[in-house]
Amino acid sequence: MESTQKKSSPRPVNKGDQIKQIFALVSMVSFGGSAIFGIFSLFSSGLSSQHQQKPTPVAVSQESLLAAQERGYVGVLQREPQNQTALEGLANVRLQMNNGKGAIEPLEKLVKLNPDRADYKQLLGQAKGK
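Now for a description of the structure that goes with this document. (Residues numbered from 1 in each chain as written. Predicted model: local features only at pLDDT ≥ 70, side-chain atom pairs only at ≥ 80, totals over all residues. Heavy atoms only, no water.)

Along the protein, the regular secondary structure elements total five helices and zero strands. In the protein, the order of α-helices and β-strands from amino to carboxyl end is α-α-α-α-α. A burial count over the protein gives 19% of its 130 residues as buried. Nonlocal contacts in the protein, meaning residues at least 24 apart in sequence, comprise 35% of its contacts between residues at least 6 apart. For the protein, the accessible surface area stands at approximately 10,700 Å², while carbon and sulfur atoms represent 59% of it. (Helix = DSSP H or I, 4+ residues; strand = E, 2+ residues; numbered from the N terminus. Buried < 20%, exposed > 50% of the residue type's maximum accessible area, 1.4 Å probe, protein only. Contact = heavy atoms within 4.5 Å. Areas by Shrake-Rupley, 256 points an atom, 1.4 Å probe, with all protein chains shown as cover.)

Following this line, the structure appears as structure tokens:
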């Protein structure tokens, strides 16, 4: 008894099909390599920029901060001579700078504007005693 079924033999690979397969393989390898290279360089440049861009602390002295605050309060008081917040700030800054004589004028204005505030009177007395 012979079998009526034919054995399936692998189809002969055509030369054109081989070229297409090789081209597809080379294309996939090239695409994968370039993708890996791009991802690697992205991460490496990101890591190196993090190390290079560390913020450097700016050393600012307490005196220069107080001087800047003093200039700011003086500027406000030139526009608004009765501004109580600026007067109080200027007096406090000058007292922190150990400038009791400079704190007298804004404290006198504060006492004049607020005669019921004992703390202003006390600070004025301390400034005059320095």
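Moving on from the model shown.
Moving on, we get to the packing of helix α3 (residues 84-96) against helix α4 (residues 100-113). Two elements in contact, α3 and α4, have axes whose closest approach is 8 Å; the angle formed by their N-to-C orientations is 150°. Taken together, the axes of α3 and α4 are roughly antiparallel relative to one another. Note on packing geometry: the crossing formed by α3 with α4 is left-handed. Together, Gln-84, Leu-87, Glu-88, Leu-90, Ala-91, Arg-94 and Leu-95 of α3 and Gly-100, Gly-102, Ala-103, Pro-106, Leu-107, Lys-109, Leu-110 and Leu-113 of α4 make up the contact between the two elements. A per-class count over the contact of α3 with α4 returns nine nonpolar, three polar and three charged. (Axes fitted to C-alpha atoms, helices over the stretch in contact; angles between N-to-C directions. Parallel < 35°, antiparallel > 145°, perpendicular 65-115°, else oblique. Left-handed = near helix turned anticlockwise from the far one by under 90°. Nonpolar A, V, L, I, M, F, W, Y, C, P; charged D, E, K, R; others polar.)

On to the packing of aromatic side chains, then. On inspection of all chains with the given rule, the structure shows zero aromatic pairs. A cation over a ring is seen here: Arg-117 above Tyr-120, with NZ or CZ 4.2 Å from the ring centre. (Phe/Tyr/Trp six-rings, centres within 6.5 Å; stacked < 30°, edge-to-face > 60°. Lys NZ or Arg CZ within 6 Å of the ring centre and 35° of its normal.)

Quick look at the pattern of salt bridges now. Applying the stated criterion to the full structure yields four salt bridges. A salt bridge links Arg-94 to Glu-70; the nearest nitrogen and oxygen atoms lie 2.8 Å apart. Remark: Glu-70 occurs in helix α2 (residues 62-79) and Arg-94 occurs in helix α3; sequence separation between them is 24 residues. A residue is classified by how much of its surface remains accessible, and Glu-70, at 16% relative accessible area, is buried. (Salt bridge = Lys/Arg side-chain N within 4 Å of Asp/Glu carboxyl O.)

Quick look at the packing of α2 against α3 now. Between α2 and α3, the shortest axis-to-axis distance is 9 Å and the interhelical angle comes to 150°. The orientation of α2 relative to α3 falls into the category roughly antiparallel. For the crossing formed where α2 meets α3, the hand is left-handed. For the pair formed by α2 and α3, the contact residues are Leu-66, Gln-69, Glu-70, Tyr-73, Val-74, Val-76 and Leu-77 on the first element and Thr-85, Ala-86, Leu-87, Gly-89, Leu-90, Val-93, Arg-94 and Gln-96 on the second. Partitioned by chemical class, the residues of the contact of α2 with α3 number nine nonpolar, four polar and two charged.

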